[in-house]
Amino acid sequence: MRGKDVLVLDRLTPVYNLTIKYTHYDFGAAAYQRTGARISATEMDEIGTHDAVLLGAMGLPGIRMPNGTEVAPQIDLRNHFGLFASLRHTRLFEGVPTRLKAENVDILVIRETTEGMFAGIYDEVETSDDSMSDRMTITRKTSEKLFEVAFAQARLRKAKGLPGHVTLLHKSNVLKSNGLLVKVFKEVAARYPDCGSADFYVDAGAMFFVTRPEIYDVVVTENIFGDIVSEVAAGTVGGLGVAPSGDVSEEHGVFQPCHGSAPDIAGQGVANPVATWLSAAMMLDWLGVRHEDPKCIDAAQHLRNAIERQLAEGPRTRDIGGIAKTDEVTQALLLAIDGEGSK
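Residues numbered from 1 in each chain as written. Predicted model: local features only at pLDDT ≥ 70, side-chain atom pairs only at ≥ 80, totals over all residues. Heavy atoms only, no water.

Here we look at the sheet that holds strand E6 (residues 218–221)
The 8 strands are arranged E1-E8-E7-E2-E3-E6-E4-E5 in an open sheet whose pairing can be described as mixed. Both outer strands of the open sheet, strand E1 (53–54) and strand E5 (196–201), are each paired with one neighbouring strand and no more. Across the face of the sheet, helix H5 (residues 140–159) comes into contact with strand E2 (85–91), strand E3 (106–112), strand E4 (165–170), E5 and E6 while running at roughly 165 degrees to E3. Running at roughly 160 degrees to strand E8 (residues 253–257), helix H9 (residues 274–290) makes contact with E1, E2, strand E7 (244–248) and E8 of the sheet. (Pairing = 2+ DSSP bridges. Helix = DSSP H or I, 4+ residues; strand = E, 2+ residues; numbered from the N terminus. Contact = heavy atoms within 4.5 Å. Axes fitted to C-alpha atoms, helices over the stretch in contact; angles between N-to-C directions.)

Have a look at this one:
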């Protein structure tokens, strides 16, 4: 976390008498190219002592591991700290263009992030030009934790006036592992009679993000399904530039925009910073709940209100219908933060 992200937080936190101490780490594809390491064991241990992590956009498609995969330290963080749930909020903001006819879209996609189709990413396999395989693994232990998070989030959203409903997307008609997923989901759903629940095959469920997004409140699913449908969801509300995420466990939280590093526009000063700011708001919310600190929760809402105001009034970056550069958008948000504080 550097530069404009820190600037925004530093403008916000004094309003609530909050102090954030920053430690910066340099890892990712460019660091791997320089050092040959994605993230060191020492850095990983140090990161585990912090209250939360805010990551910048990561990844450079042209820099690859020897096995051909991209350099992705965020996946290393997920597996090292057991960050089993990725919370990806999709909301249609006033001022952001969309091709949808729906007027109100507010969906939380929760993607499992430590098993499923990613379960074997560290498996030692012999490379071949004829045949390669990956594996999908679903466990009861992780599925129960995942669904507990989903229904807990549904309750929180219900308290804010949202439906309080959880939908599971799966492929149990073909994949045996997904049969267990459905079984555990229904068991956990029975513990939450105050929340609605449903399940769809993921192919139909992906279509509903486009044709019937209003039916969704909280959507929970397996790892690779969640990777895909969360980006479909983001596309319906203006794209990844307004799509935040938080990868969490019971003890650790890593927050980052859903988008990558966009090397095609690097250095041009036109990147959309909104997804990172929304991720910072998610981080403050998570810290507030974890540490029972209402000031963090109030600061998170203040930041979201300021972002909503800035998006509605402009300026906006070109990916969401504007012409502004990153610095212009940042200055507008700082003014919106000051405006929210004076209300």
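Considering unusual backbone geometry
Backbone torsion omega between Gly314 and Pro315 reads 0 degrees, so that peptide bond is classified as cis. Considering the arrangement of structural elements, one finds Pro315 in the loop between helix H10 (294–313) and helix H11 (326–341). Phi is positive for Asn17, close to 55 degrees, though the residue is something other than glycine. By the secondary structure assignment, Asn17 is in the loop between helix H1 (4–12) and helix H2 (29–35).

Some points on the environment of Leu54
With respect to the element layout, Leu54 can be found in strand E1. Here Leu54 falls in the buried class, since its relative accessible area comes to 7%. Along the backbone, Leu54 and Leu284 are 230 residues apart, and their C-alpha atoms lie at a distance of 10 Å. (Buried < 20%, exposed > 50% of the residue type's maximum accessible area, 1.4 Å probe, protein only.)

Quick look at helix H4 (residues 73–81)
Buried residues dominate H4, accounting for 7 of its 9 residues. For H4, the set of buried residues is Pro73, Gln74, Ile75, Asp76, Leu77, Arg78 and Phe81. Each element contacted by the buried residues of H4 is listed here: helix H3 (41–47), E2, E3, E7 and E8.

Considerations on empty space enclosed by the protein
Using the criterion set out here, one finds 2 cavities of 30 Å³ or more in the structure. When its volume is computed, the largest cavity comes out at roughly 50 Å³. Taken together, Ile47, His50, Asp51, Ala52, Val53, Phe81, Glu251, His252, Gly253 and Val254 make up the lining of the largest cavity. Class assignment for the residues of the lining of the largest cavity results in 5 nonpolar, 3 polar and 2 charged. Taken as a whole, the second largest cavity encloses approximately 40 Å³ of empty space. Take the lining of the second largest cavity: its biggest share by element is 3 residues, from H5. Looking at side-chain class alone, the lining of the second largest cavity contains 3 nonpolar, 4 polar and 3 charged residues. (1 Å grid on protein atoms, 1.4 Å probe; cavity = no way out; pocket = protein on both sides within 12 Å on 5 of 7 lines; lining within 4 Å. Points joined across faces, edges and corners; volume = space filled by probe spheres on them. Nonpolar A, V, L, I, M, F, W, Y, C, P; charged D, E, K, R; others polar.)

What about the layout of surface pockets?
Put simply, the second largest pocket is a space of about 1,300 Å³. What lines the second largest pocket is a set of 44 residues, and nearest its centre among them are Thr69, Glu70, Ile75, Phe118 and Ile121. Residue classes in the lining of the second largest pocket are distributed as 19 nonpolar, 12 polar and 13 charged.

Side note on the environment of Asn67
The residue Asn67 is located in the loop between E1 and H4 in this model. Asn67 sits in the exposed class, given a relative accessible area of 53%. Between the C-alpha atoms of Asn67 and Glu126, which are 59 residues apart in sequence, the distance is 10.0 Å.

Observations concerning the nonpolar core
Note on soluble globular proteins: their nonpolar side chains tend to be buried together. One finds Ile110, Phe147, Phe209, Val220 and Leu303 to be the most contacted residues of the largest nonpolar core, which totals 75 residues. For this core, the element with the highest residue contribution is H9, accounting for 10 residues. When neighbours within four sequence positions are excluded, Phe147 is seen to be in contact with Leu168, Leu181, Val184, Phe185, Val188 and Val220. Grouped together as the second largest cluster of nonpolar side chains are 12 residues, Tyr25, Phe27, Val53 and Met58 included. (Core = buried A, V, L, I, M, F, W, Y, C linked by side-chain atoms within 4.5 Å.)

Concerning the packing of H5 against helix H6 (residues 176–189)
For the pair H5 and H6, the least separation of the axes is 9 Å and the interaxial angle reads 45 degrees. Accordingly, the angle class assigned to the pair H5 and H6 is oblique. Relative to H6, the crossing made by H5 is right-handed. Facing H5, whose interface residues are Arg140, Ser143, Glu144, Phe147, Glu148 and Phe151, H6 presents Leu180, Leu181, Lys183, Val184, Phe185, Glu187, Val188 and Ala189. Of the residues contributing to the contact of H5 with H6, the split by class is 8 nonpolar, 1 polar and 5 charged. (Parallel < 35°, antiparallel > 145°, perpendicular 65-115°, else oblique. Left-handed = near helix turned anticlockwise from the far one by under 90°.)

Focus: H10
Between its first and last C-alpha atoms H10 spans 29 Å; for 20 residues at 1.5 Å apiece the expected length is 28 Å, and the two agree. Restricting attention to buried positions, one finds in H10 the residues Cys296, Ala299, Ala300, His302, Leu303, Arg304, Ala306, Ile307, Gln310 and Leu311. Its side-chain oxygen at 3.0 Å from the backbone nitrogen of Lys295, Asp293 defines the N-terminal cap of H10. Positive phi appears at Gly314, one or two residues downstream of H10, with a value of about 80 degrees. (Expected span 1.5 Å × (residues − 1). Polar contact = N/O pair within 3.5 Å; in protein donor to acceptor, adjacent residues only side chain to side chain.)

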